[in-house]
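Residue-level structure breakdown
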Amino acid sequence: MLLHLVMKVGKLLQPTVVYIGNAEKTFIKKVPKNDMSDPKRLKKELPKIMKKMSAEDRILFVGTSLTPWDGDVKGLCQCYQKIILIPRPDYASRYLLFKLLQPTV
């Protein structure tokens, strides 16, 4: 029901960006016992709504994940069109960025 309302409001107020944090939890393989949020409740609804969207609907779904390997890769790939992996920078890259962004005195 919540996703249905988000889509209705999104279609009325286009362009819309729908942010889904921890997107892997929707497609998680095994739910931890201490997790009370019921993360799998969107597993069936989300792909159905994504397939119903047309090219005229200017709605962008952005899902972020810290641990994408915890979820079902097939479900993630069916739901999201593009997947971009951005690794954390190593020490040398961080040092170079820090030097470039640091103001010179």
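Here we summarise the structure given alongside this text. In this text the structure is predicted, and so the values were computed from the model without any measurement.

Procedures and definitions
Residues numbered from 1 in each chain as written. Predicted model: local features only at pLDDT ≥ 70, side-chain atom pairs only at ≥ 80, totals over all residues. Heavy atoms only, no water. Axes fitted to C-alpha atoms, helices over the stretch in contact; angles between N-to-C directions. Helix = DSSP H or I, 4+ residues; strand = E, 2+ residues; numbered from the N terminus. Parallel < 35°, antiparallel > 145°, perpendicular 65-115°, else oblique. Left-handed = near helix turned anticlockwise from the far one by under 90°. Contact = heavy atoms within 4.5 Å. Nonpolar A, V, L, I, M, F, W, Y, C, P; charged D, E, K, R; others polar. Phe/Tyr/Trp six-rings, centres within 6.5 Å; stacked < 30°, edge-to-face > 60°. Buried < 20%, exposed > 50% of the residue type's maximum accessible area, 1.4 Å probe, protein only.

1. What to know about the packing of helix H1 (residues 2-12) against helix H2 (residues 45-52)
Close contact between H1 and H2 brings their axes to 10 Å; oriented N to C, the two are set at 25 degrees. When the axis of H1 is compared with that of H2, the two are roughly parallel. Relative to H2, the crossing made by H1 is right-handed. Here Leu3, His4 and Met7 of H1 lie close against H2, whose contacting residues are Glu45, Leu46 and Ile49. Residues belonging to the contact of H1 with H2 are distributed by class as follows: four nonpolar, one polar and one charged.

2. Here's the deal with the packing of aromatic side chains
Considering all chains together, one arrives at one aromatic pair under this definition. Between tyrosine 91 and tyrosine 95 the ring centres are 6.4 Å apart and the planes differ by 25 degrees, which places this aromatic pair in the stacked class. Of this pair, tyrosine 91 and tyrosine 95 are both found in helix H4 (residues 91-101), four residues apart, which corresponds to roughly one turn of the helix. On the basis of relative accessible area, tyrosine 95 is assigned to the partly exposed category, the value being 45%.

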